[in-house]
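# Structural overview for review
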Amino acid sequence: MSKLTGVSLSPNAPLDRRNTFRVSVRAAWLAEIRDATAIPEVLALTRVKNLPFMVLGEGSNVLFTRDFDGLMFAMTNRGIEILEDDGRSARVRAQAGEDWHGLVRWSLAQGLCGLENLSLIPGTVGAAPIQNIGAYGAELSETLETVEAYDREAGKFMRLNREQCGFSYRQSVFKQQPDRWIITAIESRLRRNAPLKLDYAGVREELAAMNVSAPTAKDVSKAVCRLRRRKLPDPAVIGNAGSFFKNPVVLSGQADELRAAHPDLPIFKAPDGKKLSAAWLIEQCGWKGFREGDAAVSDKHALVLVNHGRATGGQIWSLAQRIRDSVREKFGIRLEPEPRIL
Ligand SMILES: Cc1cc2nc3c(=O)[nH]c(=O)nc-3n(C[C@H](O)[C@H](O)[C@H](O)COP(=O)(O)OP(=O)(O)OC[C@H]3O[C@@H](n4cnc5c(N)ncnc54)[C@H](O)[C@@H]3O)c2cc1C
């Protein structure tokens, strides 16, 4: 369709295989970008330049409730390289179209650590900074040094350092201003001998079950993968986007009041208050395993909404809103969705 090099531009593109909820929607235009330097040229094309715009990765953190009537970018640029290595740590650059777990495995194979607790998170490298991906006691922001991106507002390629990315729990400047920056690559500082993070619930127990008493970063990665495979429904088998709601962060006083009324409520420390378990709140409202048509709440994990086959994005979103309303009524807590709702 297009004569641009490093880009494929297609009209009326199906997205069924491009979102892990497996909802059936289309994009008016889909541009697959293999070469990031082509970005300005594609954005300037007359037939697409005034359309709504968005970037899609693997679609593991989005819920489409209708067709996307605009230009969608999918970054498919690949490559991982070590930019510098002083023997103790290395600066690693990975392009946006790389698979996130592929980067974790690659780094472990090089003897580099820091990403092991983030093993098996679905999605692309380019999407990882958007919500500062986190799991098992670690967050991307702990190792990330630089984000390379095309700034659509300034009309130029930029390098943002960690401070400029404004990272916090499931948050960044990229999430606050969606589609302003098209992330093209990230650079991370990975160490050869960093202390391992074993304190998150279940990690030590899993290592013990693996008969590992002196774990390496590879062992931690393996333990995290085993835990995740057991706890979370696999999107290759049943459509889902992982946790549908963020764990709510409340003031310490409110957490204490809730704990007094509900002694079993799990409460965790957070930099700006206390973090509550959204899964627990949802389960207490009786939603775990609930199904209406093909839209359902996983029976493995109350925080995960699933598509048993033919649910539309609208049906999944309507179920999510009912869950949110019931948690607000019972506990006075407002849940915020984690995926981007389109
Ligand atoms: C089973 C399962 C488990 C999960 N577990 C976790 C977890 O433990 N921790 C966690 O943090 N997340 C988790 N997630 C959510 C998801 O995997 C991450 O948010 C991931 O980073 C999304 O990557 P993606 O490529 O699929 O992005 P998409 O879902 O395609 O996009 C997500 C957002 O990023 C934007 N975006 C994507 N690529 C770019 C780019 N190159 N430039 C600019 N914007 C871009 C999109 O516009 C959108 O706003 C899970 C999801 C699933 C399905």
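Definitions and limits used
- Residues numbered from 1 in each chain as written.
- Predicted model: local features only at pLDDT ≥ 70, side-chain atom pairs only at ≥ 80, totals over all residues.
- Heavy atoms only, no water.
- Buried < 20%, exposed > 50% of the residue type's maximum accessible area, 1.4 Å probe, protein only.
- Helix = DSSP H or I, 4+ residues; strand = E, 2+ residues; numbered from the N terminus.
- Pairing = 2+ DSSP bridges.
- Phe/Tyr/Trp six-rings, centres within 6.5 Å; stacked < 30°, edge-to-face > 60°.
- Lys NZ or Arg CZ within 6 Å of the ring centre and 35° of its normal.
- Near = heavy atom within 4 Å.
- Polar contact = N/O pair within 3.5 Å; in protein donor to acceptor, adjacent residues only side chain to side chain.
- Areas by Shrake-Rupley, 256 points an atom, 1.4 Å probe, with all protein chains shown as cover.
- Nonpolar A, V, L, I, M, F, W, Y, C, P; charged D, E, K, R; others polar.
- Axes fitted to C-alpha atoms, helices over the stretch in contact; angles between N-to-C directions.
- Contact = heavy atoms within 4.5 Å.
- Salt bridge = Lys/Arg side-chain N within 4 Å of Asp/Glu carboxyl O.
- Domains from an automatic or database assignment.
- Buried area = accessible area lost by both parts, 1.4 Å probe.

Right, let's talk about the pairing of strand 5 (residues 68-75) for a bit. Of all eight residues that make up strand 5, seven are buried, and the element is covered over most of its length. Taken together, the six bridges between strand 2 (residues 26-33) and strand 5 define a ladder with parallel strand orientation. When the sheet's bridge partners are listed, Trp-29 is paired in strand 5 with Leu-71. Strand direction decides the pairing type here: strand 3 (residues 53-56) and strand 5, joined by four bridges, are parallel. Looking across to strand 5, one finds that Phe-53 is bridged to Leu-71.

Our focus in this paragraph is the packing of aromatic side chains. Scanning the model with the defined rule gives nine aromatic pairs in all. For the ring pair Tyr-150 and Phe-157, a centre distance of 5.0 Å and an interplane angle of 70 degrees mean the geometry is edge-to-face. Residue Phe-157 is classed as partly exposed on the basis of its relative accessible area, which comes to 39%. Note on Trp-287 and Phe-290: the rings are 5.0 Å apart at their centroids and 85 degrees apart in plane angle, and the pair reads as edge-to-face. For Trp-287, a relative accessible area of 10% corresponds to the buried category. Phe-290 gets classed as partly exposed once you look at its relative accessible area, which sits at 26%. Of the aromatic side chains, those joined through ring pairs into one cluster are Phe-21, Phe-244, Phe-245 and Trp-317. Of note, Lys-275 hangs over the ring of Tyr-169, and the distance from its end group to the ring centre comes to 3.9 Å.

On to the site of the ligand, then. Surveying the vicinity of the ligand reveals 33 residues, the closest of which are Val-55, Gly-57, Ser-60, Asn-61 and Thr-124. Contact distances for the ligand include 2.9 Å between an oxygen atom and a side-chain N or O atom of Arg-340. When the ligand sits alone it has 980 Å² of accessible area, and the protein chains cover 95% of it. When grouped by side-chain class, the residues that make up the shell around the ligand number 15 nonpolar, 12 polar and six charged.

One open sheet holds the five strands; their spatial order is 6-7-12-10-11, and the pairing between them is antiparallel. Each having just a single partner strand, strand 6 (80-85) and strand 11 (156-161) make up the two edges of the open sheet. Across this sheet, the average inter-strand angle for adjacent strands is 20 degrees, counted without regard to direction. Taken together, the seven bridges between strand 10 (residues 144-151) and strand 12 (residues 181-191) define a ladder with antiparallel strand orientation. When the bridges of strand 12 are listed, Val-147 appears paired with Ile-186. Contacts from helix 2 (residues 100-109) reach strand 6, strand 7 (89-95) and strand 12 within the one sheet, and its direction differs from that of strand 6 by about 40 degrees.

Turning our attention to the pattern of salt bridges. Applying the stated criterion across every chain yields a total of 25 salt bridges. Of the charged contacts, one joins Arg-93 and Glu-81 as a salt bridge, the two residues approaching to 3.4 Å between their closest N and O atoms. A residue pair is termed long-range when its members are at least 10 positions apart, and Arg-93 in strand 7 and Glu-81 in strand 6 qualify at 12 residues. We classify Arg-93 as buried; its relative accessible area is 18%. The partner of Arg-93 in a salt bridge is Glu-148, and the shortest N-O contact between them spans 2.8 Å. With Arg-93 in strand 7 and Glu-148 in strand 10, this pair connects stretches of sequence that are 55 residues apart. What makes Glu-148 buried here is its relative accessible area of 13%. The network of salt bridges with common partners includes Glu-81, Glu-84, Arg-91, Arg-93, Glu-145, Glu-148, Arg-159, Glu-187 and Arg-189.

Moving on: the side chain of Ser-119. Take Ser-119: it is sitting in the loop between helix 2 and strand 8 (134-135). At a separation of 2.6 Å, a polar atom in the side chain of Ser-119 contacts the main-chain carbonyl oxygen of Glu-116. Discounting residues that sit within four places of it in the chain, Ser-119 has contacts with His-101, Val-104, Ser-221, Val-224, Cys-225 and Arg-228.

One can read the domain layout of the protein chain as domain 1 (7-75), domain 2 (80-191) and domain 3 (239-341). One C-alpha centre belongs to domain 1, the other to domain 3, and the line joining them spans 29 Å. Across the contact, 11 residues belong to domain 1 and 17 residues belong to domain 3. Between domain 1 and domain 3, roughly 1,100 Å² of surface is buried when both sides are summed, and carbon and sulfur atoms account for 59% of that area. Counting the surface domain 1 buries against domain 3, the share from its top three residues, Phe-21, Asn-61 and Leu-63, is 56%.

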